[in-house]
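Read off the chains here:
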Amino acid sequence: MRIDVYVPLVLALLLTSVAPLVGRRVSPGLAARALVAAAVLTAAASTWALLLLGATLIDQAPAVIAEAGEEGRVLPEPVPETVAVLAVAALAVIARRLLHVVRAHIATRRVLLRLCEGHPPDSELVVAASPTPRAFAIPGKPGRILVTASMLGALEPAERRVLLAHERAHLTHRHAALSTAVALAAAANPLLVPVRDTVVFLLERWADEEAASSVGDRNTTARALARAALVSQHARTGCALHFSGHAVSRRIAALQTAPPPVVRSVGAAVLALGALPALGAVDATSDLLHLLSETLPGL
């Protein structure tokens, strides 16, 4: 356990280092799904590793120490006590970060649903009378597309089709679920924050490619992105089509080239990378159970 328990914590750095490369070389849909799965596995494994480290404090319980003294047994020390205490403190921080993500997700969902109140429940498109140009895909049954009148008024008819196809792609491929999953993974393991940022960008690229395929014109899609970026530059972060300076220029540039290939072998490699921390956690769990059986013979 002395080494295995730290493996899930260290391998998160490896996933973080390869995420940008995968995002550039593989189709955004495949890359996003693989990175989210790998991030969730890595975060779960690293959190479990912290739980294992914290569990080693069981041999410091007064009752356990007294029983071992009476039987003349020497209690094993799988990790230094300081490391175990730090692991418990880290778990408390993780719990707080996860709660923050969940609360933010619920609050955002409530605001978006409130904006849809008063509209027919079976209507996919909801147009809000707002001077701020924005567009959102609101997941649910049914999913909805919320667009402000100012955004629609700023776009040409062909560009509006791009906008709607982009947001519809978010709904069709359940991008909200993927985004939430990677956000929770990054909350559980801060080393995965760069992976989260890469996935957020890839989800937008994925929707861009779907929109380009739907309207059949990559140039029109790029033009729609550029125009929406101009009209929404004074809006808050998270506005129409998820624009933010450098990210927009990268997305427009990507639409001016051929779509990236679907390389399933790369996706499989990323998933394997996510599975490695889980294997390390399994080995560490086996070691801890063995140590506990020695510490608590009646276990």
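Caption draft 1: Up close: the overall build of the protein. Looking only at helices and strands, the protein features eleven helices and three strands. Counting helices and strands in the order they occur from the N terminus, the protein gives α-α-α-α-β-β-β-α-α-α-α-α-α-α. Taken across its 299 residues, the protein has 42% of its residues classed as buried. The contacts in the protein between residues at least 6 apart in sequence include a share of 73% that link residues at least 24 apart. For the protein, the computed accessible surface area is about 15100 Å², with 63% contributed by carbon and sulfur atoms.

Caption draft 2: How the structure looks around the sheet that holds strand E3 (residues 144-148). Spatially, three strands are ordered E1-E3-E2 in an open sheet, and the strand pairing comes out mixed. Each edge of the sheet is formed by a strand with only one pairing partner; in this case those strands are strand E1 (125-128) and strand E2 (135-138). Neighbouring strand axes in the sheet, compared pairwise and without regard to direction, differ in orientation by 20° on average. With four bridges joining them, E1 and E3 adopt parallel strand pairing. Bridge pairing in E3 links Ala 128 to Thr 148. Those strands touched by helix H4 (residues 81-115) are E1, E2 and E3, and its axis lies near 105° from that of E2.

Caption draft 3: Representation of the packing of aromatic side chains in the model. Following the criterion strictly, the structure yields zero aromatic pairs and no others. Directly above the ring of Phe 201 sits Arg 250, whose terminal nitrogen or CZ lies 3.9 Å from the centroid.

Caption draft 4: Fine view of helix H1 (residues 7-25). Compared with the 27 Å implied by 1.5 Å per residue over 19 residues, the 27 Å span of H1 between its first and last C-alpha is a close match. A maximum bend of about 35° is found in H1 at Val 18, where proline Pro 20 lies one to four positions downstream. Listing the buried residues of H1 in full gives Pro 8, Leu 11, Ala 12, Leu 15, Thr 16, Ala 19, Val 22 and Gly 23.

Caption draft 5: The nonpolar core, seen in detail. Core analysis: the biggest nonpolar cluster contains 31 residues, and Leu 15, Leu 35, Ala 39, Leu 192, Val 195, Val 199 and Val 270 have the highest contact counts within it. Secondary structure elements with two or more residues in this core: H1, helix H2 (28-55), H4, helix H7 (175-188), helix H8 (193-215) and helix H11 (264-295). At eleven residues, H2 tops the list of elements feeding residues into this core. In this structure Leu 35 touches Leu 15, Ala 19, Val 195, Thr 198, Val 199, Leu 202 and Val 270, once residues within four positions along its chain are discounted. Core analysis: the second largest hydrophobic core is formed by eight residues, Val 147, Met 151, Leu 163 and Ala 228 among them.

Caption draft 6: Geometry of the confidence of the model for the protein. Overall, the prediction assigns the protein a mean pLDDT of 81, with 81% of residues at 70 or greater. Residue range residues 60-75 is modelled with pLDDT below 50. Its contacts to residues more than four positions away, or to other chains, number 17 contacts.

Caption draft 7: Here's a closer look at the pairing of E3. For E3, the tally of buried residues reaches five of five residues, placing the bulk of the element in the interior. Residues Arg 144, Leu 146 and Thr 148 point to one face of E3 and Ile 145 and Val 147 to the other, with burial holding for every one of them. Summarising the sheet, E2 and E3 pair through four bridges and their orientation is antiparallel. Residue pairing in the sheet places Ala 135 in a bridge with Val 147 of E3. Linking E2 back to E3 in an antiparallel pair, the connection comprises five residues, with Gly 140 at a positive phi of about 150°.

Caption draft 8: Fine view of a nonpolar patch on the surface. A cluster of nonpolar side chains, namely Val 10, Leu 13 and Leu 191, defines an oily patch on the protein surface of about 250 Å² accessible area. Secondary-structure assignment places Val 10 in helix H1.

Caption draft 9: View of helix H6 (residues 157-172). Compared with the 22 Å implied by 1.5 Å per residue over 16 residues, the 22 Å span of H6 between its first and last C-alpha is a close match. Of the residues making up H6, those classed as buried are Glu 159, Val 162, Leu 163, Ala 165, His 166, Glu 167, Ala 169 and His 170. Just beyond H6, the residue with positive phi is Arg 174, at close to 55°.

The rules behind each value
- Residues numbered from 1 in each chain as written.
- Predicted model: local features only at pLDDT ≥ 70, side-chain atom pairs only at ≥ 80, totals over all residues.
- Heavy atoms only, no water.
- Helix = DSSP H or I, 4+ residues; strand = E, 2+ residues; numbered from the N terminus.
- Buried < 20%, exposed > 50% of the residue type's maximum accessible area, 1.4 Å probe, protein only.
- Contact = heavy atoms within 4.5 Å.
- Areas by Shrake-Rupley, 256 points an atom, 1.4 Å probe, with all protein chains shown as cover.
- Pairing = 2+ DSSP bridges.
- Axes fitted to C-alpha atoms, helices over the stretch in contact; angles between N-to-C directions.
- Phe/Tyr/Trp six-rings, centres within 6.5 Å; stacked < 30°, edge-to-face > 60°.
- Lys NZ or Arg CZ within 6 Å of the ring centre and 35° of its normal.
- Expected span 1.5 Å × (residues − 1).
- Bend = angle between axes of the 7 residues up to and from the residue.
- Core = buried A, V, L, I, M, F, W, Y, C linked by side-chain atoms within 4.5 Å.
- pLDDT = per-residue confidence, 0-100.
- Patch = residues over 30% accessible without salt bridge, like charges linked within 9 Å, V, L, I, M, F, W, Y side chains within 5 Å.
- Salt bridge = Lys/Arg side-chain N within 4 Å of Asp/Glu carboxyl O.

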